[in-house]
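# Observations on the three-dimensional arrangement
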Amino acid sequence: SQSFDPDGTCTTNTEEALREIIQLYPNPASDWVTITGGFTFMGQLELIDVRGQKVWQAQGPIDGFSVAHLPAGLYWIKAFDANQELGTSPLWIVH
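Let me sum up the structure you'll find in this document. (Residues numbered from 1 in each chain as written. Predicted model: local features only at pLDDT ≥ 70, side-chain atom pairs only at ≥ 80, totals over all residues. Heavy atoms only, no water.)

### A look at the pairing of strand 5 (residues 44–48)
To be explicit about the condition: Type-normalised accessible area, obtained with a 1.4 Å probe on protein chains alone, sets the label of each residue: buried when under 20%, exposed when over 50%, and partly exposed for intermediate values. Numbering of helices and strands starts at the N terminus; helices are DSSP runs of H or I of at least 4 residues and strands are runs of E of at least 2. For two strands to be treated as a pair, DSSP must find at least two bridges joining them.
Within strand 5, five of the five residues are buried, leaving the element largely enclosed by the surrounding structure. Alternating residues of strand 5 divide into Q44, E46 and I48 and L45 and L47, and every residue in both groups is buried. Here strand 5 runs beside strand 6 (residues 54–59); their pairing, made up of five bridges, is antiparallel. Within the sheet, the bridge partner assigned to Q44 lies in strand 6 and is Q59. In this sheet, strand 8 (residues 73–81) lies alongside strand 5 in antiparallel orientation, the contact comprising five bridges. Bridge pairing in strand 8 places L47 opposite I77.

Dropping the structure here:
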């Protein structure tokens, strides 16, 4: 399901679940994305482009990653722990 944040943006339950685990900033990003949440993320992250293609993945520990090599546009970051999807959140890349 989905809900609307006070700023008018639409948020899905998977976005809310992921935000409780990790935060990504800056968003939009141009060079480097930092992962915060009070700990180093130990699961797996995947970056999916608008065509549904996986363009990057990493296994924790991870506290950030470069997006400088990727074309500008909308991507989706997916987080997994023990092969279970924890959530998905949009990530904008600008150059």
